[in-house]
Structure formats: C-alpha cells, structure tokens
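# Architecture at a glance
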Amino acid sequence: MPTTKQAVAAIVRRIGFDEGRVGAVARILTDAAVLPPGAPGTSPDLSPQDVASLMLGAALDVPLRAVVDAVRDYRALRREGVPDGAPFAISVATTGEELDVLAEIAATGSPEAKARAAKTIITVVNSWPEVVPIDQIDTRRFSAGAPSHWQASRHRKSVEINAAALVDVINELFGDQ
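Keep in mind it's a predicted model, so treat the numbers as computed, not measured.

Evaluated as defined, the whole model comprises four salt bridges. For Arg13, the salt bridge is made with Glu172, and the minimal N-O distance between the two is 2.2 Å. Residue Arg13 is located in helix α1 (residues 4-15), and its partner Glu172 is located in helix α7 (residues 163-174); the two are separated by 159 residues in the primary sequence. Classification of Arg13 by relative accessible area gives exposed; the value is 53%. The shortest N-O distance in the salt bridge between Glu172 and Arg14 comes to 2.9 Å. Residue Glu172 is found in helix α7, and its partner Arg14 is found in helix α1; the two are separated by 158 residues along the sequence. With relative accessibility at 41%, the residue Arg14 sits in the partly exposed group. Here the salt bridges share partners, and the residues they tie into one network are Arg13, Arg14 and Glu172.

Relative to the helices and strands, Asp100 is located in helix α5 (residues 95-108). Here the side chain of Asp100 touches Arg75 through a polar contact of 2.8 Å, side chain to side chain. Asp100 has contacts with Gln49 and Arg75, leaving out every residue within four places of it along the chain.

Turning to the nonpolar core, a few remarks are in order. Counting residues in each nonpolar core, the largest one holds 45 residues, and the members touching the most others are Ile11, Phe17, Val51, Leu54 and Ile122. Taken together, the elements giving at least two residues each to this core come down to α1, α2 (19-31), α3 (48-59), α4 (67-75), α5, β1 (121-125) and α7. Of all the elements, α7 adds the most residues to this core, at eight residues. With residues up to four places along the chain from it excluded, the contact list for Leu54 reads Ala7, Val8, Ile11, Val22, Val25, Ala26, Leu29 and Leu35.

As a further point, take the packing of α1 against α3. One can describe the packing of α1 onto α3 by two numbers: an axis separation of 11 Å at closest approach and a directional angle of 55°. If you check the angle between α1 and α3, you find them oblique. When you trace α1 past α3, the crossing you get is right-handed. Note on element contacts: α3 touches α1 through Val51, Leu54 and Met55, opposite Ala7, Val8, Ile11 and Ile15.

Of note in this structure, Ala33 is not a glycine but carries a positive phi near 65°. Its place among the elements puts Ala33 in the loop between α2 and α3.

Along an α-helix, residues three or four positions apart point the same way, because every turn accommodates 3.6 residues. Spanning twelve residues, α1 covers 16 Å between terminal C-alpha atoms, matching the ideal 16 Å at 1.5 Å per step. Among the residues of α1, Thr4, Ala7, Val8, Ala10, Ile11, Val12 and Ile15 are the ones counted as buried. Buried-residue contacts for α1 involve α2, α3, β4 (158-162) and α7.

For the rest of this paragraph, the subject is the environment of Ala117. Its place among the elements puts Ala117 in helix α6 (residues 111-117). Taking relative accessible area as the criterion, Ala117 reaches 7% and is therefore assigned buried. Sequence-wise, Ala117 and Ala164 are 47 residues apart; in three dimensions their C-alpha atoms are separated by 7.3 Å.

Rules of the game
Residues numbered from 1 in each chain as written. Predicted model: local features only at pLDDT ≥ 70, side-chain atom pairs only at ≥ 80, totals over all residues. Heavy atoms only, no water. Salt bridge = Lys/Arg side-chain N within 4 Å of Asp/Glu carboxyl O. Helix = DSSP H or I, 4+ residues; strand = E, 2+ residues; numbered from the N terminus. Buried < 20%, exposed > 50% of the residue type's maximum accessible area, 1.4 Å probe, protein only. Polar contact = N/O pair within 3.5 Å; in protein donor to acceptor, adjacent residues only side chain to side chain. Contact = heavy atoms within 4.5 Å. Core = buried A, V, L, I, M, F, W, Y, C linked by side-chain atoms within 4.5 Å. Axes fitted to C-alpha atoms, helices over the stretch in contact; angles between N-to-C directions. Parallel < 35°, antiparallel > 145°, perpendicular 65-115°, else oblique. Left-handed = near helix turned anticlockwise from the far one by under 90°. Expected span 1.5 Å × (residues − 1).

Below you can see the structure in the form of structure tokens.
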C-alpha cells in the first residue's frame, strides 16, 4: 500500500498540481481523518479511494482551512435536481461514490474498463459546489441547488482533470492488484 508521500508525488507528477498545495491538503485531510492517519513512526497506507479524495481536495480552490469541509461537501453532492431523501432508484450515487468507483476501476479493473474510465473528464467547479464527470456515454452533473437556476452571480471557474491521469496515478501507486 502506498504512503501519503508517494500519493502526493504521483499526483504532482501525473496530474500537475502544485506540490506544496497537494502536500498541505494531504496533511489537513489526514489531521481531519478524511485520509487514514498513520501510527507513530509509521506512514499511513492509502486506498485508491483515499487517493481520489486527495485529488479532489487538491483540485478545490478554497483556503486550506476550508479544504476538509469542501471535500466532504463535494463528495456528498447528488445528481442535479435530485433532493435528499429521494427514492433510491433515482438517487443512486453521490460524487464521492462515483469517484470511488472510478478509483476502484483504475486499481483493479480490466484493461478495457480502465480504457473506458480513462476517457472521462472530471470537471470540478470552484465557483459553486458542482462536479461534472463527462464521458462518451453519459454526462452527469452533481451539484447543490436548483438545476434550473444559474448557480452564482459570478463566472464559472473550474478545474478539469483528465481521468487518464488519475488512472495513471492509481496504476503507479497500486499496480495491478
């Protein structure tokens, strides 16, 4: 299992985020128990899902003091227009669950599944809580608020992450388990 330091280095190398920012986000998420803490003198072992959460935290353009709440809020986003408490058939997944599935496919999926996952673009919108994973088959919007209203009075500011880079990060860290 990879350590947090190895995950930070892989994210910086493959996705291109700032090393200082990713390291600071990793420390904050570890302190808040979003990422697993290590034992005294032992580095924590991360899962593919933890690496996806770290990538999400690094993509968010929020002050470091707000990273933990932002990661939790973004991971809890539901499909656009689906209220909390909706029937299971229409409220199948949250952003966090979708990222976890993508990370699991990258770690243990077949070569065909990895190739399909790598065609996804993950757009993390920083102007308001929204994540849009776009692939060739489906476009899902996970956002807070009413889908028929413009979400903010300012410009839409987002970070796009090629899922092929995330698949490469997870392959580098976990190999074919």
